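A look at the structure
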Amino acid sequence: LFNLDIKLINSKKLSAETLDSYNDLSLLKEWMNERFSHRNQNMIPLFSDQIESTLNKYKTKHLIYTGVYESPPNSYYFLTLYDLKSGEIKFSDYKESRNISKSESYRLIKNNIEFIKK
């Protein structure tokens, strides 16, 4: 996908065999929640010491978190690229619309990832 080595951790597709992935996802979400709650401050979030093994496991120091939330009549799209080692937000995009379709969401994600790759 996008000519990148991507490991997708999807909470809707986890099973007993993927318990480690679920634990990794929980840790990453806690890390992101802490980081996002202090987004205007330069800080290293809680759990950063525990993130080290996750970085090694997935052979990366970056995390992209993306999604679409719907609160009728509006839809909200977001994508954030985190540097897990430094705690920095390297890239962020947010869009609000009356309705964001799945194809529009995919186009926004694709455009952002292509931009990030440059």
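All of the points below concern the structure found in this document. (Residues numbered from 1 in each chain as written. Predicted model: local features only at pLDDT ≥ 70, side-chain atom pairs only at ≥ 80, totals over all residues. Heavy atoms only, no water.)

Moving on, we get to the pairing of strand S2 (residues 74-83). Side-chain direction in a regular strand flips from residue to residue, so the side chains alternate between the two faces of the sheet. Extensive coverage of S2 is indicated by the burial of 9 of its 10 residues. Relative to S2, strand S1 (residues 62-71) is paired through 10 bridges, and the arrangement is antiparallel. Following the sheet pairing, Tyr-65 is matched in S2 by Thr-80. The turn joining S2 and strand S3 (residues 89-97), which pair antiparallel and follow one another in sequence, is formed by 5 residues; a positive phi near 85° is taken by Gly-87. (Buried < 20%, exposed > 50% of the residue type's maximum accessible area, 1.4 Å probe, protein only. Helix = DSSP H or I, 4+ residues; strand = E, 2+ residues; numbered from the N terminus. Pairing = 2+ DSSP bridges.)

Our next topic: the pattern of salt bridges. Charged atoms that come close allow side chains of opposite charge to pair. One pass over the structure, following the stated rule, counts 5 salt bridges. One salt bridge in this structure joins Lys-57 and Asp-24, with 2.7 Å as the shortest N-O distance. Taken as a pair, Lys-57 in helix H2 (residues 48-58) and Asp-24 in helix H1 (residues 19-37) lie far apart in primary sequence, 33 residues in all. The salt bridge partner of Asp-93 is Lys-95, with a shortest N-O separation of 3.1 Å. Among the residues examined, Asp-93 registers a relative accessible area of 16% and is labelled buried. (Salt bridge = Lys/Arg side-chain N within 4 Å of Asp/Glu carboxyl O.)

Within the secondary structure, His-62 is located in strand S1. Sequence spacing of His-62 and Gly-87 is 25 residues, and the spatial spacing of their C-alpha atoms is 9.7 Å. Contacts of His-62, omitting those with residues within four sequence positions, involve Leu-81, Tyr-82, Asp-83 and Leu-84. (Contact = heavy atoms within 4.5 Å.)

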